[in-house]
Amino acid sequence: MTGRRNAGTGLGSGTSNAARGAVTAEFAVALPAVLALLAMLLAGAAAGATQLRIEEGARAGARALARGEDPARVERTVRTLAGGTAAATVAAEGGWYSITVTDRVGGPLGSSIPWILTARATTRSEAPAAAATGGLTDGRGNR
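From a predicted model like this one, the values you see are computed outputs, not experimental measurements. (Residues numbered from 1 in each chain as written. Predicted model: local features only at pLDDT ≥ 70, side-chain atom pairs only at ≥ 80, totals over all residues. Heavy atoms only, no water.)

1. Brief notes about the overall build of the protein chain
And step 1. Scanning the protein chain for helices and strands turns up five helices and three strands.
And step 2. Reading the protein chain from its N end, one meets helices and strands in the order α-α-α-β-β-α-β-α.
And step 3. Going through the 143 residues of the protein chain one by one, you find that 27% of them count as buried.
And step 4. Of the contacts made within the protein chain by residues no fewer than 6 positions apart, 56% connect residues no fewer than 24 positions apart.
And step 5. Only carbon and sulfur atoms are counted for the fraction: they give 62% of the accessible area of the protein chain, which is about 9,100 Å². (Helix = DSSP H or I, 4+ residues; strand = E, 2+ residues; numbered from the N terminus. Buried < 20%, exposed > 50% of the residue type's maximum accessible area, 1.4 Å probe, protein only. Contact = heavy atoms within 4.5 Å. Areas by Shrake-Rupley, 256 points an atom, 1.4 Å probe, with all protein chains shown as cover.)

Below is the structure:
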């Protein structure tokens, strides 16, 4: 009688083992997809944080250039805000300064994928000597 009662409910029969095996197989198929999605979300978050850092570094560098600070000091300011791996390029043209900051996305996926982000800021010089010479100055009007 016991076997008959369990056979009707599926308990104690071969179908429950097959059902458990199906759930295990579905889980084994779904787990890599979920992990890949999680990794992509984390990489996107790392890219967003990196972009915010380099944009802030570019803005601060442009403000420093507008005040007439030394380009080496501007680069130190950018690296402080954007991170030690960030690279800054300064260009001057007719009293306008442009600074471009680039950096790679960090994290485990960032190191395996060559994902380089860029931020650029442009400003007009506030120092009258720098605007007249059209070049970079050291903060005292010297080129």
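2. A look at the environment of V101
And step 1. With respect to the secondary-structure elements, V101 resides in strand β2 (residues 96-104).
And step 2. A relative accessible area of 0% places V101 in the buried class.
And step 3. In the structure, V101 is positioned 45 residues away from E56 in sequence and 9.7 Å away in space, judged by C-alpha atoms.
And step 4. If near-sequence neighbours (up to four positions away) are discounted, V101 is found in contact with I54, G57, A58, V78, A82, A86, A87, A88, L117, T118 and A119.

3. Thoughts on the UniProt feature "transmembrane region" (unreviewed entry) in the protein chain
And step 1. Residues annotated in UniProt with the feature "transmembrane region" (unreviewed entry) correspond here to residues 27-49.
And step 2. Span residues 27-49 is 100% helix and 0% strand, its end C-alpha atoms 32 Å apart. (UniProt positions renumbered as here; feature names shortened; annotations may be inferred.)

4. Here's the deal with the side chain of S98
And step 1. Position of S98 relative to the elements: it lies in strand β2.
And step 2. Taking relative accessible area as the criterion, S98 reaches 9% and is therefore assigned buried.
And step 3. Engagement of the side chain of S98 in a polar contact is seen with the side chain of R120, the distance being 2.7 Å.
And step 4. Sequence-distant contacts of S98, that is, excluding residues within four places in its chain, are made with T89, V90, A91, R120, A121 and T122. (Polar contact = N/O pair within 3.5 Å; in protein donor to acceptor, adjacent residues only side chain to side chain.)

5. Some points on a nonpolar patch on the surface
And step 1. On the surface, F27, L31, L35, L38 and L42 cluster together into a nonpolar patch covering about 510 Å² of accessible area.
And step 2. With respect to the helices and strands, L35 occurs in helix α2 (residues 14-67). (Patch = residues over 30% accessible without salt bridge, like charges linked within 9 Å, V, L, I, M, F, W, Y side chains within 5 Å. Salt bridge = Lys/Arg side-chain N within 4 Å of Asp/Glu carboxyl O.)

6. Some details on the nonpolar core
And step 1. Counting 17 residues, the largest nonpolar core has I54, A58, V74, V78, A82, I99 and V101 as the members making the most contacts within it.
And step 2. If you list the elements that add at least two residues to this core, you get α2, α3 (71-82), β2 and β3 (116-124).
And step 3. Counting residues per element, this core draws most heavily on α2, which supplies six residues.
And step 4. Look past the residues within four positions of I99 in its chain and what remains in contact with it is A58, G61, A62, L65, V74, V78, A88, T89, V90, A119, R120 and A121. (Core = buried A, V, L, I, M, F, W, Y, C linked by side-chain atoms within 4.5 Å.)

7. Some details on the sheet that holds strand β1 (residues 87-93)
And step 1. Pairing is antiparallel across the open sheet formed by three strands, whose spatial order is β1-β2-β3. The outermost strands of the open sheet, each flanked by one partner alone, are β1 and β3. When strand polarity is set aside, the average angle formed by the axes of neighbouring strands in this sheet is 15 degrees.
And step 2. Its contacts with the sheet put α3 on β1 and β2, and the angle it makes with β2 is roughly 40 degrees. (Pairing = 2+ DSSP bridges. Axes fitted to C-alpha atoms, helices over the stretch in contact; angles between N-to-C directions.)

8. Here we look at the pairing of β1
And step 1. Sheet topology note: the β1/β2 ladder contains seven bridges and is antiparallel. Within β2, the position partnered with A92 by the bridge is Y97.

9. Remarks on the pairing of β2
And step 1. The turn linking β1 back onto β2 is made up of two residues, and G94 within it adopts a positive phi angle of 60 degrees.
And step 2. Where β2 lies against β3, nine bridges are found, and the strand directions are antiparallel. In the sheet register, V101 faces β3, and the bridge partner there is A119.

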